[in-house]
Amino acid sequence: MTFTPEDKRVVLSPAIRRDHALTALLAPYEHRKLNLPGQFVPEATALAYHNQHIFQA
């Protein structure tokens, strides 16, 4: 699972989709925006790095 760097929306990985229990729990949140805290907001560059180098789509 990751978040889009631009608008911080939930993206589920294919690995989650293969697990029916995880899909049932997380699918309702797919494409929803992350509620950001007042401080320590995730940086778009960090999310972009995660999506390119760590997230397994």
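In short, a report on the structure.

Rules of the game
For every chain, the first residue of its written sequence is number 1, and the numbers climb from 1 along that sequence. Totals for whole chains, interfaces and linings use every residue, but because this is a predicted model, local features are given only for residues with pLDDT of at least 70 and side-chain atom pairs only at 80 or more, for both listing and counting. In computing side-chain values, all of the structure's heavy atoms are included and hydrogens and water are not. Helix and strand assignments come from DSSP, with helices taken as H or I runs of at least 4 residues and strands as E runs of at least 2, each series counted from the N terminus. By the convention used here, residues are in contact when the closest approach between their heavy atoms is within 4.5 Å. Accessibility throughout is a Shrake-Rupley quantity obtained with a 1.4 Å probe, and a residue counts as covered only by protein chains that appear here. Any Lys or Arg side-chain nitrogen located within 4 Å of an Asp or Glu carboxyl oxygen qualifies as a salt bridge. The classification of residues rests on relative accessible area computed with a 1.4 Å probe and restricted to protein chains. Under 20% of the type maximum is buried, over 50% is exposed, and intermediate values are partly exposed. A 3.5 Å cut-off defines polar contacts: any pair of N or O atoms within that distance qualifies, except that in protein one atom must be a possible hydrogen donor and the other a possible acceptor, and neighbouring residues in sequence count only when both atoms are side-chain atoms.

1. A word on the overall build of the protein
Point 1. Counting its secondary structure elements, the protein contains three helices and two strands.
Point 2. Across its three principal directions, the C-alpha atoms of the protein cover 35 × 25 × 15 Å.
Point 3. For the protein, the share of sequence-separated contacts (at least 6 apart) that also reach a separation of at least 24 residues comes to 52%.
Point 4. Per element, the accessible surface of the protein, about 4,400 Å² overall, is 58% carbon and sulfur.

2. Quick notes on the pattern of salt bridges
Point 1. All chains considered together, the criterion is met by two salt bridges.
Point 2. Its salt-bridge partner being Asp 7, residue Arg 9 comes within 3.0 Å of it at the nearest N-O pair.
Point 3. You can call Arg 9 partly exposed: its relative accessible area is 31%.
Point 4. Classification of Asp 7 as partly exposed rests on a relative accessible area of 28%.

3. What about the side chain of Thr 2?
Point 1. For Thr 2, the position within the fold is in strand E1 (residues 2–3).
Point 2. Residue class for Thr 2 comes out buried when judged on its relative accessible area of 4%.
Point 3. A distance of 2.9 Å separates a polar atom in the side chain of Thr 2 from a polar atom in the side chain of His 50.
Point 4. Among all residues touching Thr 2, those that are not within four sequence positions of it are Arg 9, Val 10, Val 11, His 50, Asn 51 and Phe 55.

4. Details of unusual backbone geometry
Point 1. The backbone of His 31 sits at a positive phi, close to 75 degrees, despite the residue not being glycine.
Point 2. On the basis of relative accessible area, His 31 is assigned to the exposed category, the value being 54%.
Point 3. Located in the positive-phi region is Phe 40, a residue other than glycine, with phi close to 60 degrees.
Point 4. Relative to the helices and strands, Phe 40 resides in the loop between helix H2 (20–26) and helix H3 (44–53).

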